[in-house]
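What follows is each chain in one-letter form.
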Amino acid sequence: MEENEQLEKQQRERRDFLSCLGSAIACGAAAVATNALSPQATAATREAAADGSPVPAIPGYDWTKHSWAFGVDATKCIGCLRCVEACKRENDVPGDAHHFRTWVERYVYLEDEDTPRIDSHHDPVNIEASGSESEYRFANRYKDAKVDKAFFVPKLCNQCTHPACVQVCPTGATYKTKDGVVLIDHAYCIGCQYCVQACPYGARYFDEEKGVSDKCTWCYHRITKGLQPACVEACPVGARIFGDRNDKQSPISQFIRNNRVQVLRPETGNAPNVFYVGIDKDVV
Amino acid sequence: MDVSPFTGYVYPNETIISWTALIVVYPYLTGLVAGAFTISSLYQVFGFRHLKPVAHFALLVSLSCMVVVPLPLLLHLGHPERAFNAMITPHMTSAFAVFSYAAAFYVILLMLETWFVFRPYIVHQAQQREGLLAWFYRVLSLGSYDLSEKAMNYDRKWIFALAIIGIPGAHGLHGYVGFVFGSLKSREWWSSDLMPAIFLFSAIISGTALVIVLYVLSCKLRKVAVDLPCLKVMAYALWGFMMFTLLLEGVEFASLVYRGREGIEIIMEFVRGPLIVPFFILQFGIGSVLPLALITFMIWRGTSGKALVVGVAMSAVLVLLAVLMMRWNVVIGGQEIAKTGKGLLAYHPAIFGREGLLAAASVLVTPFVLLLVMIRLFPPWEEEATSASLVASAR
């Protein structure tokens, strides 16, 4: 345990050092305009600075070169909720049944019923089955019923092209990155929760302890290092697909190309970037 | 952390209602500001001479409420110390970003107008008084003791101009509060083009009602007779604006139901269930129809004297309740209907704590404490101002 902490501390220090180093290099490059960086990177730095947006201090990462997207194949999801647990641990999400960066919905059509019964792991019946608010499970509540059709739908932030949350943020603490992810600057957010109200998908929550809004970032700290989001990595059946749309051979590009995909609530005009396969008209 | 129980399906993150009683108080206070200012402007700009007894008082009511308007928002923020971020780097696409500027502008406008209106009194006090308060008035006079006819004409021009700018200012500020809610596409209950207009008219009636109640109350406390023509004009204004408010609310609700977009079933379930007491009984029945009927009856019967005073004051109290309930039903009601369109939440407000009812009530009471102090410092009643002038001229 102690060893782990030690290791984590070392890694953190290393990250901090690298990020400082990154900033130093970027500043140096901008100041003297040498050819130390590649011409593209310098151009990107200039472009980002020209429109006033900050340049991320991530070593070796150029956010103008990526266009991240997410896919969900609902036909594969088995509702094991490993993604939810992985996300909570990875992202320091409050361990209760009311704060989620990602969650899974269950749609069950019983015989002779027109509308589905929908629930998720925050439902009191499911909490009772798991025995704790910090453990997630779907109760076997339909075992005695005749089920016509049933499926699971994983949900997460849609990182919309026209995000309503960014539109309403009074300070600009939440913003859209060049690579397509919507982030929140926790050091600048005033905690008014207007963004929480504005999101049509319920993807945002207010972290009472930190006093700021929070939501899924597609694990931005991981994807900018070439890793997959925690939920994608944890999914045992490959129901979650992630990748770069700029790369035509990436899993997400293939997923979108090879399937008839749809997005949630297109009528909002938000233009979501999570693409679904295998969902039904009743999915909210 | 107050978790709201739910029925049907709601998104997991919705189970904690994010905008609570404090956010109900915020539009309520802004509404009172706009309404009280309207009464003051009816006299200052539109020449409603009958409103003279309450014109200056209404201005003080407006100011004391306006100073408190940012308080519920500040208390609600997760990081109140960062509130100025919205002013330093306003994100111009956000309706909230304008708030701090609009509010600051309006507070300054109100203070300026109040200063001009009470300048003769301030000058008299600065000259007559001794001790600490004398210094207070001397500083406030900004060194100008000129009360000549020319100076007073100049003041009047300023008051007129400020009152004119103040009308779109106050109404804009409140119409914009309606926009904060009406412009959100995430909630069908809020998403309406009529929201700013509804907020505006309900603001006018709430402010008028507040001035009526406080004026009658102050007359009782000062043991002076209520100026009946003045009260009547305010009752007429209340009646007229209430008609508009009810009409707009009716049209908005009718179109919501008539359009019958996705999620209307759950809205109707909400309307027929949890909304019966707060909306149909409190806001619509007791708060709107009853006072409207009462005032109509009094106008029809030509009621006068004490009966008129009691009747109008009672109606005004009910209207104040109705508008508070309207704010509640919009702010809380909107969040009780889940974004999924498939479930309902039940908000159970906490009593204590930062977001509790006690905190909200304290914020709501603050303007009246302020008003008490302000009335002492700047008596808005004509007879007192006159007596002060008489004393001054005798000297």
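Since this is a predicted model, take the numbers as computed values, not measurements.

Parameters and conventions
- Residues numbered from 1 in each chain as written.
- Chains lettered and ligands numbered in written order.
- Predicted model: local features only at pLDDT ≥ 70, side-chain atom pairs only at ≥ 80, totals over all residues.
- Contact = placed C-beta atoms within 7 Å.
- Helix = DSSP H or I, 4+ residues; strand = E, 2+ residues; numbered from the N terminus.
- Buried ≥ 20, exposed ≤ 12 C-beta atoms within 10 Å, placed from the backbone.
- Pairing = 2+ DSSP bridges.
- Axes fitted to C-alpha atoms, helices over the stretch in contact; angles between N-to-C directions.
- Parallel < 35°, antiparallel > 145°, perpendicular 65-115°, else oblique.
- Left-handed = near helix turned anticlockwise from the far one by under 90°.
- Nonpolar A, V, L, I, M, F, W, Y, C, P; charged D, E, K, R; others polar.
- Domains from an automatic or database assignment.
- Expected span 1.5 Å × (residues − 1).
- Bend = angle between axes of the 7 residues up to and from the residue.
- Core = buried A, V, L, I, M, F, W, Y, C linked by C-beta atoms within 7 Å.

Trainee: What's the story with the interface of chain A and chain B in this structure? I'm lost.
Mentor: Accessible area lost on assembly of the parts is the figure often given for the size of an interface. The interface is formed by 37 residues belonging to chain A together with 33 residues belonging to chain B. The set of elements that each furnish at least two residues to the side of chain A that touches chain B consists of strand 3 (117-120), helix 5 (164-168), helix 6 (194-198) and strand 7 (205-207) of chain A. At four residues, the largest contribution of residues to the side of chain A that touches chain B is made by helix 6 of chain A.

Trainee: Quick question: what am I supposed to make of the pairing of strand 1 (residues 68-73) of chain A here?
Mentor: Here is the key point about a regular strand: its side chains alternate between the two faces of the sheet. Residues and elements named next belong to chain A. Among the six residues that make up strand 1, six are buried, leaving the element largely enclosed by the rest of the structure. In strand 1, alternate side chains face the same way, and those of Trp68, Phe70 and Val72 on one face and Ala69, Gly71 and Asp73 on the other are all buried. Pairing geometry for strand 1 and strand 9 (residues 240-244), over five bridges, is antiparallel. Opposite Phe70, over in strand 9, you have Phe242 as the bridge partner.

Trainee: Please explain the packing of helix 1 (residues 21-44) of chain B against helix 7 (residues 149-182) of chain B as it appears in this structure.
Mentor: Residues and elements named next belong to chain B. Orientation of helix 1 relative to helix 7, taken along the N-to-C sense of each, is 150 degrees, at an axis distance of 9 Å. The orientation of helix 1 with respect to helix 7, classified from their angle, is roughly antiparallel. Between helix 1 and helix 7 lies a crossing of left-handed hand. Of the residues in helix 7, those touching helix 1 at Pro27, Thr30, Gly31, Val33, Ala34, Phe37, Ser41 and Gln44 are Ile159, Phe160, Ala163, Gly166, Ile167, Ala170, His171, Leu173, His174 and Val177. Residues that form the contact of helix 1 with helix 7 fall into these classes: 11 nonpolar, seven polar and no charged.

Trainee: Looking at this structure, how should I read the sheet that holds strand 1 of chain A?
Mentor: Hydrogen bonds between backbone groups are what pair the strands of a sheet, and the pairing can be parallel or antiparallel. All names here are of chain A. If you trace the three strands from one edge of the open sheet to the other, you get 9-1-10, paired in mixed fashion. The open sheet has two edge strands with one neighbour each: strand 9 and strand 10 (274-277). Neighbouring strand axes in the sheet, compared pairwise and without regard to direction, differ in orientation by 20 degrees on average. By the bridge criterion, four bridges tie strand 1 to strand 10 in an arrangement that is parallel. Following the sheet pairing, Gly71 is matched in strand 10 by Phe275. Most of the contacts of helix 9 (residues 251-258) go to strand 9, to which it runs at about 115 degrees, and overall it touches strand 1, strand 9 and strand 10.

Trainee: I tried to follow the domain arrangement of chain A on my own but got confused; where do I start?
Mentor: Residues and elements named next belong to chain A. Looking at chain A, the domain boundaries give domain 1 (2-65) and domain 2 (66-284). In this assembly, five residues from domain 1 lie in contact with six residues from domain 2. Partitioning the side of domain 1 that touches domain 2 into residue classes produces three nonpolar, one polar and one charged.

Trainee: For this particular structure, what's the right way to read helix 12 (residues 305-336) of chain B?
Mentor: An α-helix turns once every 3.6 residues. As a result, residues three or four positions apart point the same way. If you check helix 12 of chain B, its first and last C-alpha atoms are 45 Å apart, about what 32 residues at 1.5 Å a residue would give, namely 46 Å. Residue B:Asn329 marks the point of greatest curvature in helix 12 of chain B, where the axis turns by about 25 degrees.

Trainee: Explain the nonpolar core here, please?
Mentor: The tendency in soluble globular proteins is for nonpolar side chains to be buried side by side. All names here are of chain B. Grouped together as the largest cluster of nonpolar side chains are 174 residues, with contacts concentrated most on Val25, Val33, Ala36, Val211, Ile212, Met234 and Leu238. It is helix 1 that contributes the most residues to this core, 16 residues altogether. Apart from residues lying up to four places away in sequence, Met234 is in contact with Ile39, Thr208, Val211 and Ile212.

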